[in-house]
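Survey of secondary and tertiary structure
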Amino acid sequence: MSDGVPAVVLLSGGLDSTTTLAIARSQGFALYALTFAYGQRHAVEVEAARKVAAALGVREHLILPLDLRLFGGSALTSDQPVPKDRELQGTEIPVTYVPARNAIFLSLALAYAEVRQAQDIFIGASNIDYSGYPDCRPEFFRAFERMANLATKAAICGKPVRIHTPLMNLSKAQIIRRGLELGVDYGLTHSCYDPDPQGRACGHCDSCRLRLRAFAQLGLTDPAPYACG
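In this report, the structure presented in the accompanying data block is examined. (Residues numbered from 1 in each chain as written. Predicted model: local features only at pLDDT ≥ 70, side-chain atom pairs only at ≥ 80, totals over all residues. Heavy atoms only, no water.)

1. As for the pairing of strand S1 (residues 6-10)
Note the threshold: Burial here depends on accessible area, computed with a 1.4 Å probe over protein chains only, as a share of the maximum for the residue type. Under 20% is buried, over 50% is exposed, and the range in between is partly exposed. Helix numbers and strand numbers start at the N terminus; a helix is a DSSP run of H or I with at least 4 residues, a strand a run of E with at least 2. A pair of strands counts as paired when DSSP detects no fewer than two bridges linking them. Seen with the strands pointing away from the viewer, any crossover whose path from the first strand over the helix to the second strand runs clockwise is right-handed.
When you tally the buried positions in S1, you get 5 out of 5 residues, the bulk of the element. Neither face of S1 is exposed, since Pro-6, Val-8 and Leu-10 on one face and Ala-7 and Val-9 on the opposite face are all buried. By the bridge criterion, 5 bridges tie S1 to strand S2 (residues 30-37) in an arrangement that is parallel. Bridge pairing in S2 places Val-9 opposite Ala-33. Where the polypeptide runs from S1 across helix H1 (residues 15-26) and back to S2, its parallel neighbour, the crossover connection is right-handed. Pairing of S1 with strand S4 (residues 120-122) involves 3 bridges; the strand directions are parallel. Across the sheet, residue Val-8 finds its bridge partner in S4, namely Ile-121.

2. Points about the state of the cysteines
What counts here: The criterion for a disulfide is a pair of cysteine sulfur atoms lying within 2.5 Å.
Taken as a whole and judged by the stated rule, the model has 0 disulfides. Cys-192 provides the cysteine sulfur closest to Cys-208, a residue in no disulfide bond, and the two sulfurs are 3.6 Å apart. Residue classification places Cys-208 among the buried positions, given a relative accessible area of 1%.

From the geometry alone we can't say anything about function, so treat these as descriptive.
Below, the structure written as structure tokens:
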């Protein structure tokens, strides 16, 4: 557990956020992990986040209940089917998009960071090998950082916040390679949008396919359990 400068890291329990947590640790930050139980159908990722937080030695791990099922609007927070085996390079934003999710999560992370006197917030977004969500683009994070520094007492008192997106320009294979260099155990992580009742990944949603393809590109076997064998 680091005694360094505090940083808040958004931790879903997936591959990207786990790698981001490891990167923040490698930079000497004291880790304050924030996970959202937002009514996601793949709630098994919350348990994965617990395991990852323990393995990487975070100083504090908060799991915040936030039931976005009350809003709906996404296959991840409703009974709407999750798309399977779709064209990964398509331009249409898929129904797995959760409306304004990163804006919501970052706003709560900003409040948490101010209370913990952290000026650094890490999020594992990438605009390469992703599903085209608008709140994963670099211009969104730049705009949020500008807004954040108008919104808090800490910022107007000379302690501005920085939004870190260390994976932004990395492919999924590059993300995995970086995580392995930092000792990440990807067997602890969960990425699937539509796991079976045993928590095994489907192998066919966007998230599974991007993950499986990346491990294959590296000549590796994904250590996550899959229902399809």
